[in-house]
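# Fold and geometry: a report
Here is how the chains run, residue by residue.
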Amino acid sequence: MIRRAPRGLAEHAPILFPALMLVVFFVIPFSLMIAVSVFRRVPGGFYEPDLVFANYERFLTAFFGGVMSFSLGLAALVAVLSVGIAFPFTYRLVKLPRGAQIRWLVFLLSILSLSEVIIGFAWSTLLSRTAGITNLFVALGLMAEPQSLSPSFGALLAGLVYQAFPYTVLVLYPALARLDPYLEEAARTLGSSPLRAFFTVVVPGLRNTIVATTIMVFVFALGSYLLPQLLGRPQHWTLSVLITDQAIYQSNMPFAAAMAVFLVLVSLALVGLALLAGRREETA
Amino acid sequence: MNETTGKQGLHAALAGGISRRAVLAGAGTLATAAAIGFPNIVRAQSKTLKVGVYGGYFKESFEKHIFPEFSKATGITVEAIAEPTGEAWLVQLEQAARARQAPADVSMMSQVAMLKGASAELWAPFDLSKIPNAAKVVPHLVNKYPDGKVSGIGAVSWYITLVTNTKSYPQAPDSWAALWDPANKDKLGLLALVSNSFLLEVTAATFFGGTKHLDSEQGQLDCFKKLAELKSNVKLWYRDEAQFEASLKSGEIPMGQYYHDVTGLAAADGQPVRSTFPKEGGILDSGSWAVTRASKAGDLAHVFVDYMCQPSIQALLSRKVGTAPTIDRKLTDLTDQEFAAVSSDIAPIIPRYDLYTSKSDWLNQKWTEMIVG
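Labelled according to an unreviewed UniProt entry, chain A appears under the name ABC transporter permease, originating from Azospirillum argentinense. Quoted verbatim from the Subcellular location (unreviewed entry) field of UniProt, the annotation for chain A is "Cell membrane". Per its UniProt entry, chain A bears the Sequence similarities (unreviewed entry) comment "Belongs to the binding-protein-dependent transport system permease family. CysTW subfamily."

Encoded structure:
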């Protein structure tokens, strides 16, 4: 196969369609959002075109700073946990016979078809006092009386990791399936334990995949606004929840847009930093 | 929707016999039949009115019980449009009106949305001389522009009351003060937004002698401070009604604020829930009919609103949709039992809608900081 840079319009054509989609569905909406974020809010009404930064000023307070750091921290934790669980899982999965692999993948895909609402309600029922899992513990004699485990930070974390897990596995699967099994076998022949081979050969070998997947899950978790309402207490509401409140319930589009722009910029910056750190390690 | 069908079935059975409207309907059908011979005339005369009502249970009930009757009586076809709750619909109407479009001609709007729309002059004024029945509507449910023109007319009212699970609370609480009782730690479900929970008003009415206390900023801060004391009792601040309703029925969250009508329907269906009008009063909220300025069906809208204000229709709404009448109860033929199912004689807490336009951003910020912080 000859690899060279495409020349002329005809060879560039295949990229035109995705580029067009990117412009239509990302660049234009995001530009509109930036425009609205500097519009002037009319209290008790709507907004008027203007160039003011009051919406950003309102955001730059300790209160929103706290909510923002919580949202970022939560998304990071969800990303690390999801990849931490999904990586060993997928590693085992690719070693199963083909039939079993397909059954697992179909099962994971079917979880993907569940909406956030269903996942939220299912977890809140599962963790409830009246119908939840603690009733089982009581029946088994492990607990004295049923307890309510939701809403709480743990419940929220469980819900978010559950939701992100199938995505994580499906992203890791191709890379792990392609990993040359001889690498590990070589490590084993040279005397390392399976655990040691996993951590010194498999994990470093797929470091870029792991970083990319973690970033993907991080961004995915950052946008979650329904589960924090269903499974978390108010102190666990993410910035996305407050953005929804402003846009839908307070009809304050400029402020909602300003918060959203800020969230996008901060997450882009973090993703950029993570990639930069990854590259530097590689060259070092 | 099991709890609704039971009640509706009962009322359908009660509402038998041939009514005056059925006869009118017959006449209407004749007129339509005559017109079918002349397709061009039908097209010229086709009278369709787009009416926006809250999607879900409300829209279903209106389409099943109210709109067909209206079409029979007037020959005007209704196209029901599902409105989202919150203020999203207001934003859509306003954006559409800027482009001279009307996604719905008449919409049922919440009071806060009415005021916000009025400040943008979104609503076409009503001509009351074309709506004789509007005179029956309780005066505070007629919305007016500052110059006195009528922007909206009360469509339906509903109460938000103190609700409890009867298994967890054999004795019904009699005051909103129960929300502050330390014994109810981690047991409450309350609405999550300042502009739909109306808890500032409840606090003012329960501890500061009435909602007038909210006139001053100091009064508002007093209420926020008092409200902050009940935070540890709250298990769930809900935006989504279904979420609280399920938890109330199961006893997971055995107390809170909720809609009187829906709670009544659930209780009638055998669920262990009850709705209580506290001695300070239930919260009386309401929706108004309003016409967007972009609508070209203003005349039909007047006919529609007049029809909806009739005592017989207000009674029908109470029986079938579970809302409280917007006209004096004595004008309707509702029995005591039917009235009690949708309302109460205890003076209600009327929300301070004015605050949610004049100080909405400040109140919202304080509120969010109070419950999140």
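There's plenty left to go through after this.
Residue and element names in this part refer to chain B. Taken as a whole, chain B shows an average pLDDT of 85; of its residues, 87% reach a score of 70 or greater. Confidence over residues 1-44 falls short of pLDDT 50; this stretch has 29 contacts with residues more than four positions distant or in other chains. Here the predicted complex carries an ipTM of 0.82, next to a pTM of 0.80.

This part is about the UniProt feature "transmembrane region" (unreviewed entry) in chain A. All names here are of chain A. Under the UniProt annotation, "transmembrane region" (unreviewed entry) lies at residues 12-39, 59-90, 102-123, 153-176, 197-227 and 255-278. For the annotated span residues 197-227, helix accounts for 84% and strand for 0% of the residues, and the straight-line distance between the end C-alpha atoms is 38 Å. The span residues 255-278 carries 100% helix and 0% strand; its end-to-end C-alpha distance comes to 35 Å.

A separate point is the nonpolar core. Of all hydrophobic cores here, the largest spans 99 residues; its most connected members are Leu49(B), Val106(B), Trp289(B), Phe304(B), Val305(B) and Cys309(B). Here this core takes eight residues from strand 5 (residues 150-165) of chain B, the largest share from any one element. When residues of this core are assigned to domains, at least three map to each of domain 1 (20-36 + 47-156 + 286-334) and domain 2 (158-284 + 346-372) of chain B. The residues touching Val305(B), leaving out its near neighbours within four places in the chain, are Val106(B), Phe126(B), Ile131(B), Ile153(B) and Trp289(B). Among the nonpolar cores identified, the runner-up in size contains 25 residues, and Val83(A), Trp123(A), Leu172(A) and Val217(A) belong to it.

Turning to the interface of chain B and chain A, a few remarks are in order. Contacts between chain B and chain A engage 30 residues on the former and 24 residues on the latter. The set of elements that each furnish at least two residues to the side of chain B that touches chain A consists of helix 5 (88-98), helix 6 (111-119), strand 7 (234-238), helix 10 (241-250), helix 15 (353-358) and helix 16 (360-372) of chain B. Across the side of chain B that touches chain A, the residue classes tally to 10 nonpolar, 12 polar and eight charged.

Before going further, it helps to examine unusual backbone geometry. The general pattern is negative phi for most residues beyond glycine and trans for most peptide bonds. For the peptide bond that leads from Ser150(A) to Pro151(A), omega is 0°, which places it in the cis range. Mapped onto the elements of the fold, Pro151(A) is located in the loop between helix 6 (133-139) and helix 7 (153-178). Unlike most non-glycine residues, Arg100(B) shows phi in positive territory, near 55°. Counting through the fold element by element, Arg100(B) comes out in the loop between helix 5 and strand 3 (106-110).

So, about the packing of helix 8 (residues 181-189) of chain A against helix 9 (residues 194-205) of chain A. All names here are of chain A. Running from N to C, helix 8 and helix 9 cross one another at 155°; their axes reach a closest spacing of 10 Å. With respect to each other, helix 8 and helix 9 are oriented roughly antiparallel. The two elements helix 8 and helix 9 meet at a crossing, and its hand is right-handed. Here Leu-183, Glu-184, Ala-187 and Arg-188 of helix 8 come into contact with helix 9, specifically with Ala-197, Thr-200, Val-201, Val-202 and Gly-205.

Turning our eyes to something else, we now look at the packing of helix 3 (residues 62-93) of chain A against helix 10 (residues 207-222) of chain A. Two numbers describe a pair of packed helices, the interaxial angle and the distance between the axes. Residue and element names in this part refer to chain A. Packing of helix 3 against helix 10 leaves a shortest axis separation of 8 Å and a crossing angle of 135°. On the basis of the axis angle, helix 3 is oblique to helix 10. In this structure, helix 3 crosses over helix 10, and the sense of that crossing is right-handed. Of the residues in helix 10, those touching helix 3 at Ser-71, Leu-74, Ala-75, Ala-76, Val-78, Ala-79, Val-80, Ser-82, Val-83 and Phe-87 are Ile-210, Thr-213, Thr-214, Val-217, Phe-218, Ala-221 and Leu-222.

Turning to the environment of Val342(B), a few remarks are in order. Residue and element names in this part refer to chain B. Inspection of the secondary structure puts Val-342 in helix 14 (residues 336-342). Spatially, the C-alpha atoms of Val-342 and Gly-264 are 8.2 Å apart, while their sequence positions differ by 78 residues. If near-sequence neighbours (up to four positions away) are discounted, Val-342 is found in contact with Asp-261, Ser-318, Gly-322, Thr-323 and Ala-324.

Residues annotated by UniProt as "domain: ABC transmembrane type-1" (unreviewed entry) correspond here to residues 68-274 of chain A. Here residues 68-274 of chain A is 77% helix and 0% strand, with 18 Å between the C-alpha atoms at its ends.

So, on to the domain arrangement of chain B. Residue and element names in this part refer to chain B. By the assigned domains, chain B splits into domain 1 (20-36 + 47-156 + 286-334) and domain 2 (158-284 + 346-372). If you look at the interface, domain 1 gives 10 residues, while domain 2 gives 11 residues. Element by element, the count of residues in the side of domain 1 that touches domain 2 is highest for helix 6, at five residues. Partitioned by chemical class, the residues of the side of domain 1 that touches domain 2 number four nonpolar, five polar and one charged.

Cut-off values and rules
Along every chain, residues carry numbers that run from 1 in the direction the sequence is written. Written order decides the labels, with chains lettered from A and ligands numbered from 1. Local features in this predicted model are restricted to residues whose pLDDT is 70 or higher, and side-chain atom pairs enter the listing and the counts only when it is 80 or higher, whereas totals over whole chains, interfaces and linings include all residues. UniProt positions are given in the numbering used here, feature names are shortened, and annotations may be inferred rather than shown by experiment. Confidence per residue, as judged by the predictor, is encoded in pLDDT with a range of 0 to 100. For the purpose of contact definition, each residue receives a C-beta atom placed from its backbone, and two residues are in contact when these atoms lie within 7 Å. Secondary structure is summarised from DSSP: a helix means a run of H or I of at least four residues, a strand means a run of E of at least two, and numbering begins at the N terminus for each. The term nonpolar core refers to a group of buried residues, namely Ala, Val, Leu, Ile, Met, Phe, Trp, Tyr and Cys, whose C-beta atoms join them within 7 Å. Counting other C-beta atoms within 10 Å of a residue's C-beta gives its exposure: the residue is buried at 20 or more, exposed at 12 or fewer, and partly exposed in between, where C-beta atoms are placed from the backbone. Boundary definitions for the domains trace back to an automatic or database domain assignment. Amino acid classes used here: Ala, Val, Leu, Ile, Met, Phe, Trp, Tyr, Cys and Pro are nonpolar; Asp, Glu, Lys and Arg are charged; the rest, including Gly, are polar. Note on geometry: axes are lines fitted to C-alpha atoms, helical ones only across the stretch in contact, with angles between N-to-C directions running from 0 to 180 degrees. When describing relative orientation, an angle under 35 degrees is termed roughly parallel and one over 145 degrees roughly antiparallel, while 65 to 115 degrees is termed roughly perpendicular and anything else oblique. In this scheme, a crossing is called left-handed if the near helix is turned counterclockwise away from the far one by less than a right angle; it is called right-handed if the turn is clockwise.

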